[in-house]
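# Results of the structural survey
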Amino acid sequence: MFSIEFIKNNIGYILSAIPVTLNIVILSVFFASVLGGFYAWAIVRRVIGINILAEVLISLGRSTPVLVMLYFIFYVYPYIKISLFHEPLSHIAASKLAPDVAAILTLSLVFSAYFSEVFRSALNAVDKGQHEAGVVVGLSNFTCFRRIILPQAMKSGLPNYTNVVIDLIKDSSLVYSITVIDVMARANIAAARGFHFVESYVVVLFVYIALCFIFTRILRWLENRLSKKWYGNETKINVF
């Protein structure tokens, strides 16, 4: 039977792990965005050698499920490390990455591929003639990018960027599988005390709905501000 009493007694315990989840999400979004931006730059500018490496890493990130990558980095990587450096098997525990680090590294590697495609499509959506016109009137390449290309690319790319961020938030619920004590892990621990898994997962459901709603509102607000700053008008964009 569904127990409201269980939720009242354990909701605080489950919610206390929100800072862990937020830390993983925010750092993963940051590193994935930086790495994805680098990939997009290498491909758009056709930097010889680097663009091929970027395409390979993008393909790898898009083709590998998050759970598989989590297991590979947290469980398989230590065995590869001790094999390469001919270390004894007893060093396996010391070779493991910290669970939080492994989670952030995994999400950054996987989602950098998706952020890269968002950035690349946004940059390619801007007419190349605008950069050429800026150079003709005496603007440097950097000034052309900052004042002409970037505002338009950000405006067109933010909706897709928001979608990828939301996907990252949802996939962050898998990090409990490598012993990260996040919201999902706390829910499982609480549920195991009396087999109230339904009640625990209902709490987790609303936690992730709230997190996705908050991040969506922040990014939509940013989109409106950029529209007002660069285009002189504010486009009213709702979450739903």
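Before reading on, note that the structure itself is shown above.
What you see is a predicted model; the values in this text were computed from it and never measured.

### Thoughts on the environment of leucine 211
Tracing the backbone through its elements, the reader meets leucine 211 in helix α10 (residues 197–231). When the C-alpha atoms of leucine 211 and threonine 21 are compared, they prove to be 9.8 Å apart, with 190 residues separating the residues in sequence. With near-sequence residues (within four places) excluded, leucine 211 lies in contact with Thr21, Leu22 and Ile169.

### Thoughts on helix α4 (residues 66–84)
Across its 19 residues, α4 extends 25 Å between first and last C-alpha, which sits within 8% of the 27 Å expected from 1.5 Å per residue. Along α4, the sharpest kink reaches roughly 45 degrees, centred on valine 76 and followed within four residues by the proline proline 78. What α4 keeps buried is the set Val66, Met69, Leu70, Ile73, Phe74, Pro78 and Ile82. In this structure, the buried residues of α4 make contact with α5 (92–95), α6 (99–124) and α8 (141–171). The positive-phi residue at the C-terminal boundary of α4 is histidine 86, with phi of around 55 degrees.

### Concerning the side chain of threonine 162
Assignment of secondary structure puts threonine 162 in helix α8. Not counting residues up to four positions away in its chain, the partners in contact with threonine 162 are Thr216, Leu219 and Arg220.

### Concerning the nonpolar core
Core analysis: the largest hydrophobic core is formed by 44 residues, its most contacted members being Phe111, Phe115, Tyr161, Val165 and Ile169. Contributing elements (two or more residues each) for this core: α1 (4–15), α2 (18–44), α4, α6, α8, α9 (183–194) and α10. Among the nonpolar cores identified, the runner-up in size contains six residues, and Tyr39, Ala42, Ile43 and Ile58 belong to it.

### Concerning unusual backbone geometry
Backbone geometry at histidine 86 places phi at a positive 55 degrees, although glycine is not the residue there. One can find histidine 86 in the loop between α4 and α5. The phi torsion at phenylalanine 195 lies on the positive side, around 60 degrees, for a residue other than glycine. Within the element layout of this structure, phenylalanine 195 appears in the loop between α9 and α10.

Reading the values: the criteria
- Residues numbered from 1 in each chain as written.
- Predicted model: local features only at pLDDT ≥ 70, side-chain atom pairs only at ≥ 80, totals over all residues.
- Heavy atoms only, no water.
- Helix = DSSP H or I, 4+ residues; strand = E, 2+ residues; numbered from the N terminus.
- Contact = heavy atoms within 4.5 Å.
- Expected span 1.5 Å × (residues − 1).
- Bend = angle between axes of the 7 residues up to and from the residue.
- Buried < 20%, exposed > 50% of the residue type's maximum accessible area, 1.4 Å probe, protein only.
- Core = buried A, V, L, I, M, F, W, Y, C linked by side-chain atoms within 4.5 Å.

None of this, on its own, says anything about what the molecule does.
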